[in-house]
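Tertiary structure, described
So the chains spell out like this:
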Amino acid sequence: MGDPRSKPEEDSSSSHHHASPYKVGVPPKQKLWEEFSTTLKETFFSDDPLRSFKDQSRSRKCVLGLQAIFPILEWGRTYNLSKFKGDLVAGLTIASLCIPQDIGYAKLANLSPEYGLYSSLVPPLVYAFMGSSRDIAIGPVAVVSLLLGTLLQNEIDPITNPFEYRRLAFTATFFAGITQATLGILRLGFLIDFLSHAAIVGFMGGAAITIALQQLKGFLGIKKFTKDTDIISVMRSILRSAHHGWNGVTILIGASFLVLLLSAKYIAKKKKKLFWIAAIAPLTSVILSTFLVFITRADKKGVEIVKHIEKGINRPSVDEIYFSGHYLLRGVKIGVVAGMVALTEAVAIGRTFAAMKDYQIDGNKEMVALGAMNIAGSMTSCYVSTGSFSRSAVNFMSGCQTAVSNIVMSIVVLLTLLFLTPLFKYTPNAILSSIIISAVIGLIDYDAAILIWKIDKFDFVACMGAFLGVVFFSVEIGLLVAVSISFAKLLVQVTRPRTALLGKIPRTNVYRNIQQYPEATKVPGVLIIRVDSAIYFSNSNYIRERILRWLTDEDEQLKFEGLPRIEFLIVEMSPVTDIDTSGIHALQDLYNSLQKRSVQLVLANPGPVVMDKLYTSKLTNLIGDDKIFLTVADAIQNCSPKYTEEV
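Residues numbered from 1 in each chain as written. Predicted model: local features only at pLDDT ≥ 70, side-chain atom pairs only at ≥ 80, totals over all residues. Heavy atoms only, no water.

1. Comments concerning the packing of aromatic side chains
Counting across every chain of the model gives ten aromatic pairs. Measuring from centroid to centroid gives 6.0 Å for Tyr115 and Phe170, while their planes differ by 55°, and the two rings are tilted. Of the two residues, Tyr115 sits in helix H6 (residues 113–118) while Phe170 sits in helix H9 (residues 162–185), which places them 55 residues apart along the sequence. Since its relative accessible area comes to 1%, Phe170 is described here as buried. On the numbers, 5.4 Å between centres and 85° between planes, the contact of Phe174 with Phe323 is edge-to-face. Taken together, the positions of Phe174 in helix H9 and Phe323 in the loop between helix H14 (275–296) and helix H15 (328–357) put the pair 149 residues apart, joining distant regions of the chain. Judged by relative accessible area, which is 11%, Phe174 ranks as buried. Judged by its relative accessible area of 47%, Phe323 falls in the partly exposed class. Counting every residue linked through ring pairs, the aromatic cluster contains Tyr115, Tyr118 and Phe170. (Phe/Tyr/Trp six-rings, centres within 6.5 Å; stacked < 30°, edge-to-face > 60°. Helix = DSSP H or I, 4+ residues; strand = E, 2+ residues; numbered from the N terminus. Buried < 20%, exposed > 50% of the residue type's maximum accessible area, 1.4 Å probe, protein only.)

Structure below.
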C-alpha cells in the first residue's frame, strides 16, 4: 500500500515468512470540551480568522480589528498614484456602463429610473471600505431586479400604489442586508453553497430569457403588457398586440442599437484589448438615441421616452421602511430571498476574479460588507445591490487595482444625479430594453450547460429544472426548483453512498475497484467491499443491505460456477471518515447476519474517529481485534495465506 510500516510484511511475504500485521492504532481519548471545540472551530472557523491576532499587543489588536472590518485601512497604506491611475480608468469605464444599465434595471424592479442610479451611489461606497474583493463592481443587477420586481408586485401594485410599493422595496432591501450580514457574522457562509453550480447556471439562463422577454414591451413599443413573467403569457401578450400595439419607429430604434451593442460585445470578445468598445457602447447608444429622438421628435410618433428622472442625490428613507404592520413579514420574506440570490451571485463573482489574480477573499467578510451596504442603501432610497458580472468583467479588463474604482464610479453617478439627469428626458425606452437584452444574453451559458451534461446527468436535471421553472412558470418557482433539486441531489448522495467491489491489481499488493480496473482479480473465498462514505443514520441501513446484497450476488455466482463459497467479508473503511450510533448498530447487525451465513466480518484501515467509536461501543470485542487490519493486504494475508503465497 506504499506504507513504510507494511514493507517488512511485504518483504517477509516474498520469502513466505509472514510477520504479524501492523496493528490498527486507537487514538488517545480526547476530552469532551477539546473534541467539541475542535469540531466547532472546523465548522465555523476553518480559516482561523484570529490567527493574525496571536501574540500581538492590545493596540495592535485594535488596529487589526479595524482592518478586519474595514480592509481599506490595510491596503490603503500602500496605495499610490500608479494604482489610482488604473482605478480611475476602470471607474470611469464602469460608470459609462452602469448609468444606462441602472436606469433600465430600475424599470425591471418597477421603480423610477433614479432609484437605479441611487443604488450605484451609496452601496459601492460602503463596499469600497468594507469589501475584500479588488475587482467586483457593485450596483443593481438584472436577475435581482427582476426577482425583486416580481415578488413586490405580487404584494402591491406599483402603478396604483407607487409609494407603498417603494416602501416595501426599501423594507425588502433592509432585510436582505440583515440576512447577508447575519450569515457573515455567524459564519454561516457555507449555506449559500447548497445552491449547486448547475442549478445556478440553469436559474441564470432562465432569468436571462425571462428578462429579455420582458424587455419586448419597450423594444416593440407595446403599451398594454402582461404582468406575468412566464414565456406563454408574455408571447400571448405580444401576439395579441401585434396588429395594433407595435410601434414601427420604436422597433427600428431598438433593433438598430441592439445590433450595435451586440456587435460591440462580439468585437470585445474576439479582441480583448478592445474591451472598452463594449463598455462604452451602452452610454454611446443612449446619447445617440436620445439625440435622434430629440431632433426628430419621435416621441410625437408614439416612441415611449423616459420623460423624467428626478434631479439630486439620494433622500433618507429610514422612515419609509416597514418595522411593523401588515407588510413587515412580507418585506422580510422577499428580503431573505433577494438577499440570498444577491449573495450567491456576488460571492461567485468575487471568487472568480480573485482566482484570476491569485488572491484570497474572505467569504464571511464579503457577506458582512454586502449586508452593510444594503442596510445603508435601504436607508438612502436604494434597492438591493450586489456584484454585477458584466461590470466586474469590465472593471477587471480596465485594469482596476483596488475597490477605489467603485468610489470613482460612485462619484460619476453622483455628478450625473446632480447635473445630468435632465439630459435623459428624451431617452427612448427601446434603447434601455436593447441595453438590458444585450447585457443578459451573456447570462445564458451554453458551454457550461453542455459541460454539465457531459459530466453529470443529475446535475443537468438540476440545471434544466431551474431553467424551465423560471421560463415556463416564474422566477420564484425556478428558484424553488433550483434549491429543491440541489437538496435532492445532496440527500441522494448522503443516503445512497457508493460501494465498490475490490480486486487485486496484478503484480502488486494493491486492491482497487474492479469496475475501474477490470484486470483486478478476486481472492477466492474472500469478498472485499469498500464503503465510499461516512456511515450515518441516514445511510447505515442502506450500506448494510447493500453489502449483504453484494454477498448474496457473489455467492449465487460462485454456486453457479461451482466454486467455493465466500468465507470472509472484508470491509475497506479508508473513505469512512466518521460513524454514528446508527452506523455502529448497522455494523452489529451486519456481523450477526454474516454469522448466520458462517461468514467472518473483517475490517480494513478504519480511521481514528471510526476506530475510537468502535472501541468505545465495544464493537471491537464482538468482531475481534484480530479481525481489524491496517490494510486489505494484511487482511488477505490473514484470511487467505495460501493465496498470498501463490501470488
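What follows continues from the structure just given.
2. Some words on the state of the cysteines
Throughout the structure, instances matching the rule amount to zero disulfides. Cys382 supplies the cysteine sulfur nearest to Cys98, a cysteine that is in no disulfide, at a spacing of 12 Å. (Disulfide = S-S within 2.5 Å.)

3. What about the packing of helix H8 (residues 142–153) against H9?
With their axes 10 Å apart at the nearest point, H8 and H9 run at an angle of 125° to one another. Viewed along their axes, H8 and H9 adopt a mutual orientation that is oblique. The interaxial crossing formed by H8 with H9 has right-handed handedness. Every residue of H9 that contacts H8 at Leu148, Gly149, Leu152 and Gln153 is listed here: Tyr165, Leu168, Ala169 and Ala172. (Axes fitted to C-alpha atoms, helices over the stretch in contact; angles between N-to-C directions. Parallel < 35°, antiparallel > 145°, perpendicular 65-115°, else oblique. Left-handed = near helix turned anticlockwise from the far one by under 90°. Contact = heavy atoms within 4.5 Å.)

4. What to know about helix H10 (residues 197–214)
The end-to-end C-alpha distance of H10 is 25 Å, a good match for the 26 Å that 18 residues give at a rise of 1.5 Å each. Buried residues dominate H10, accounting for 15 of its 18 residues. (Expected span 1.5 Å × (residues − 1).)

5. Considering the pattern of salt bridges
Inspection of the entire model under this criterion finds 15 salt bridges. Where Asp102 meets Arg391, a salt bridge forms, and the shortest distance between an N and an O atom there is 3.4 Å. Within this pair, whereas Asp102 is found in helix H5 (residues 81–108), its partner Arg391 is found in helix H17 (residues 389–397), the two being separated by 289 residues in sequence. A single burial state applies to Asp102 and to Arg391, both of which are buried. Lys489 is the partner of Asp456 in a salt bridge, and the nearest nitrogen-oxygen pair spans 3.4 Å. Residue Asp456 is located in the loop between helix H20 (446–455) and helix H21 (457–472), and its partner Lys489 is located in helix H22 (residues 475–495); the two are separated by 33 residues in the primary sequence. (Salt bridge = Lys/Arg side-chain N within 4 Å of Asp/Glu carboxyl O.)

6. As for the sheet that holds strand E5 (residues 526–531)
The six strands are arranged E4-E3-E5-E6-E7-E8 in an open sheet whose pairing can be described as mixed. Across the chains shown, the open sheet's two edge strands, defined by having one partner strand only, are strand E4 (511–513) and strand E8 (628–629). Bridging between strand E7 (residues 600–604) and E8 involves two bridges; their strand directions are parallel. Looking at the pairing, Ala604 lines up with Phe629 of E8. (Pairing = 2+ DSSP bridges.)

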